Amino acid sequence: MKSTDVILQTASLEEIKRGYLKEASSYACICCGYSTEVGIIYPEDGVLYEAERYIRVHLEKTHGSVFEYLLEQDKAITGLSDVQRSLLAQFYAGKKDAEVQEALGIGSASTIRNHRYMLKEKERQAKIFLALMELLKSKDTHAPAEFVTPVNKQVGQMNRGSFDISDQDRAKVLTKYFPEGTDGMLTTFQMQQKHKFIVLTEIIQRFETGRTYTEKQVKVLLKQVYHDDVEIRRYLVDYGFLGREADGSQYWREVDQVDGAQSSTGAASNDAHSTTVEENKVKKGELERMNRRKELQEQAKEVKIEAGVYQIRNEQNGKVFLDSTPNLKTMNGQKFMLQMGTHLNRSLQAEWNEYGESAFTIEVVEKLKKQDNPFFDTKDALAKLLQAWMEKLQPYGEHGYHGDSKNS
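None of the values given here were measured: they were computed from a predicted structure. (Residues numbered from 1 in each chain as written. Predicted model: local features only at pLDDT ≥ 70, side-chain atom pairs only at ≥ 80, totals over all residues. Heavy atoms only, no water.)

A. Local environment of the packing of helix H16 (residues 332–340) against helix H17 (residues 346–355). Where H16 contacts H17, the two axes come as close as 9 Å, and the packing angle between them is 65°. Classified by the interaxial angle, the pair formed by H16 and H17 is roughly perpendicular. Pair H16 / H17 crosses with right-handed handedness. For the pair H16 and H17, contact is made by Lys335, Met337, Leu338 and Gln339 and by Leu348, Gln349 and Trp352, respectively. (Axes fitted to C-alpha atoms, helices over the stretch in contact; angles between N-to-C directions. Helix = DSSP H or I, 4+ residues; strand = E, 2+ residues; numbered from the N terminus. Parallel < 35°, antiparallel > 145°, perpendicular 65-115°, else oblique. Left-handed = near helix turned anticlockwise from the far one by under 90°. Contact = heavy atoms within 4.5 Å.)

Here's what the structure looks like:
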């Protein structure tokens, strides 16, 4: 299974837009790297799909929207500011200028119109830039063969020696960014790559070796380090310090990567013997990761898509938002919309903004039990299950985020 950064680098614009690319004998998802093989038939909900059609089913059920996935990528990949990301999320949700202004609190409706114009200008400029780069390919014989991202997931080569880090450098950086000690909070993560590497090697020490963590556990742990736990988690994964399953359900500390980073003592101690040992560690780590990717790919083929009812609960006042989905894995899309300020339930969005993300929990209340019956209507059964929970919890008025009837 290819890593998603490699897929994004090699995919064409059309392939990125549709969410997958065609390889020699397979189709690969740009969001998670999951692939389907040509010639294999994939069953899903009683229907048989050939490889290309099934990768589309995978995209819809597992990721929901390619747009949301791309918008979540690091600034180094998208080139978008936080304001631009928020605006694009609002526009994608179909919001009018006045609604966007109210949701984001930016200027006036005319300010939003101006932002729309600037984004269109950025699009026009991007077209010209792409054309220039295409024309340049035939002339520039000195250009690198491949694009290399600023954050490279093949981090076996990224150790203290790669950045020429001495013990004095490390101590100075950690003192600067952890003024209360390395057990305290990080003051900022806006720093050069060398300093980020040092800081990350310290943060990863808070994870136990040989233990797996859920996404929620990782979030709680990293919130004790920095307010933007998502950014720290992303860098830990991208630098190879944290491993994770394809669906993000489990995380673990990559021992080889961390030990390799911590044990190196800089350029002064990089003699021939230590270099050989380090190379062996890299090769071992690469082999283990390849085996892990293969294992995850096999597991992904066997993933069972489950439908059900979930709730978003405000733990501060007990109010509840209820909804159903044919794929419970897409619940993260609700969280994404709330983080971007684009959730369609305005009262829920307003209190999310007021109380903060930590005040809410998103959890499954019941999974739909499918019947081995050719006449079983999943959509109808799911609607009835949701209605039963609406009647049970009565999430209306002061008890919830719904009006007299279900509010989408």
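B. View of the nonpolar core. Residues Leu186, Phe189, Val199, Ile203, Phe207 and Leu236 are the most contacted members of the largest nonpolar core, which totals 29 residues. Counting only elements with at least two residues in this core, the list comes to helix H10 (167–177), helix H11 (193–203), helix H12 (215–223) and helix H13 (229–238). A total of five residues in this core trace back to one element, the largest contributor, which is H11. When residues no more than four places from it in sequence are discounted, the contact partners of Leu236 are Leu200, Ile203, Ile204, Phe207, Leu222, Phe241 and Leu242. Counting residues in each nonpolar core, the second largest holds 20 residues, with Ile30, Ile55, Leu59 and Val66 among its members. (Core = buried A, V, L, I, M, F, W, Y, C linked by side-chain atoms within 4.5 Å. Buried < 20%, exposed > 50% of the residue type's maximum accessible area, 1.4 Å probe, protein only.)

C. Just the sheet that holds strand E10 (residues 320–325), in detail. The strand order across the open sheet built from three strands is E10-E9-E11, with neighbouring strands paired in antiparallel fashion. With partners counted over all chains shown, the strands left at the sheet margins are E10 and strand E11 (360–367), one partner each. Adjacent strand axes in the sheet meet at a mean angle of 25° when their direction is disregarded. Bridging between strand E9 (residues 308–314) and E10 involves six bridges; their strand directions are antiparallel. By the bridge assignment, Ile312 is partnered in E10 with Phe321. Here helix H18 (residues 378–393) sits on the sheet and contacts E9, E10 and E11; the angle it forms with E10, its principal contact strand, is near 165°. (Pairing = 2+ DSSP bridges.)

By themselves, these observations are geometric and do not establish any function.
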